[in-house]
Amino acid sequence: MLHEALRFYPGGDRAIEVELGDGMDFTINFIVHRLVAAVREAQIAGLVDLIPELASFQVNYDPDRISYEDLCHEIEALYAEMGRGVTGSLASRLITIPVLYFDEKTEACVEDYRKDYPEKTPDPELICELNGLPDRAALRRRHASTEYWVAALGFWPGLCSLLALNPTARIIAPKYNPPRTHTPKGAVGLGGALTCIYPDATPGGYQLIGHTPAPTYDGAQRLPDFRDSLALFRAGDRVRFKPVERDEYSEIEARVAEGTFRHDIVDYQVFSVDRYLDWAKAQEEASK
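Computed from a predicted model, the values in this text were never measured in an experiment. (Residues numbered from 1 in each chain as written. Predicted model: local features only at pLDDT ≥ 70, side-chain atom pairs only at ≥ 80, totals over all residues. Heavy atoms only, no water.)

Draft legend 1. Geometry of the overall build of the protein chain. Each helix and strand in the protein chain was counted, giving seven helices and 16 strands. A globule of 288 residues ought to have a C-alpha radius of gyration of about 19 Å, and the protein chain, at 20 Å, matches this closely. Every one of the 288 residues in the protein chain was classed for burial, and the buried ones make up 49%. A sequence separation of at least 24 residues applies to 66% of the contacts in the protein chain between residues at least 6 apart. With an accessible surface of roughly 14000 Å², the protein chain has 49% of that area assigned to carbon and sulfur atoms. Across the protein chain, the mean location of the 31 positive side-chain charges is 5 Å away from that of the 45 negative side-chain charges. (Helix = DSSP H or I, 4+ residues; strand = E, 2+ residues; numbered from the N terminus. Rg over C-alpha atoms; globule rule 2.2 N^0.38 Å. Buried < 20%, exposed > 50% of the residue type's maximum accessible area, 1.4 Å probe, protein only. Contact = heavy atoms within 4.5 Å. Areas by Shrake-Rupley, 256 points an atom, 1.4 Å probe, with all protein chains shown as cover. Lys, Arg positive; Asp, Glu negative; His and termini not counted. Charge placed at Lys NZ, Arg CZ, Asp CG, Glu CD.)

Draft legend 2. Representation of the packing of helix α1 (residues 26-42) against helix α2 (residues 68-82) in the model. Where α1 contacts α2, the axes come no closer than 10 Å and their chain directions differ by 120°. What the angle tells us is that α1 and α2 run oblique. The element α1 and its partner α2 pack so that their crossing is right-handed. Within the contact between the two elements, α1 uses I31, R34, L35, A38, V39 and A42 and α2 uses I75, L78, Y79 and M82. Grouping the amino acids of the contact of α1 with α2 by side-chain chemistry returns nine nonpolar, no polar and one charged. (Axes fitted to C-alpha atoms, helices over the stretch in contact; angles between N-to-C directions. Parallel < 35°, antiparallel > 145°, perpendicular 65-115°, else oblique. Left-handed = near helix turned anticlockwise from the far one by under 90°. Nonpolar A, V, L, I, M, F, W, Y, C, P; charged D, E, K, R; others polar.)

Draft legend 3. View of the pairing of strand β7 (residues 147-153). Burial analysis of β7 places five of its seven residues in the buried class, the great majority of the element. Here three bridges tie β7 to strand β14 (residues 238-243), and the two strands are oriented antiparallel to one another. Residue E147 lies in a different strand from β14, and its bridge partner there is R240. Both β7 and strand β8 (residues 160-164) contribute to a ladder of five bridges, which runs antiparallel. Of the residues in β8, the one forming a bridge with V150 is L162. Linking β7 back to β8 in an antiparallel pair, the connection comprises six residues, with G154 at a positive phi of about 155°. (Pairing = 2+ DSSP bridges.)

Draft legend 4. Region of the structure containing the environment of C72. By the element assignment, C72 lies in helix α2. With a relative accessible area of 6%, C72 lands in the buried category. Placed 97 residues apart in sequence, C72 and A169 show a C-alpha to C-alpha distance of 38 Å. Residue contacts for C72: discarding those within four places in its chain leaves F8 and I16.

Draft legend 5. Spotlight on the nonpolar core. In terms of nonpolar packing, the biggest core is built from 32 residues, with I97, L139, I209, F233, V239 and F241 touching the most fellow members. Of all the elements in the fold, those that place two or more residues in this core are β6 (94-101), α4 (123-131), α5 (136-143), β7, β8, β10 (187-191), β14 and α6 (246-258). With four residues, β6 is the largest single contributor of residues to this core. Discounting residues that sit within four places of it in the chain, L139 has contacts with F102, P124, I127, C128, L133, I171 and I209. Judged by nonpolar contacts, the second largest core, of 24 residues, contains I31, L35, Y61 and L78. (Core = buried A, V, L, I, M, F, W, Y, C linked by side-chain atoms within 4.5 Å.)

Dropping the structure here:
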């Protein structure tokens, strides 16, 4: 699914969309992050911002300092120097997110939607049916059994696209059709092969399975972990979901309200794609 060559598309007069491939694939996404890191480290004159996505990235630039053609040539040269191989390492934080699975907020959201679309199977049961899982308990175990790769951020401030790193723990789900007009802030959902955490109350189409009381976006920057950024996650982070019960969920809610809550963030790790791909292959072979 990796293109033979980079594909460039203008985004107005100040942005370029650089497409490396097609599909929700970890290896393509890792190459995206490596190329983004190389472009950032090159400190190209006129470069303003870089936004990594699943199989592409956007480059924002100053056209008074560098032309579209010259910037494309600079990126092509860095890609050629880097090579198409999936290898190397990146700094990667591990962030644990507490989740109350099958909570009343997301359950109410699903039931509100089903008032207009009664044929819609409740989200957890639909996911279980499509993934061969016997019940909600099995769904919770599988969803919480793996780390997730922060493949991209976007569409809404702080919204993350998470890919399961253990291939035997992957869960697939279709998106709502039509989408919901409301999703509670903190809802955890599944769409395609991705998990997301809704950073705010928004419309949405992912199948909902739980809720976290821990914010992933803080526009007011009240909490200590948001002092340097409005959004919790960075592309290339890893996320682990921790199932919690009602008492722990309520305790975290109270600490968030007080402004004293701290996220569980491990900030000293490096992710080796070579070792990961060997491990992932071994997991798949062992599951056969």
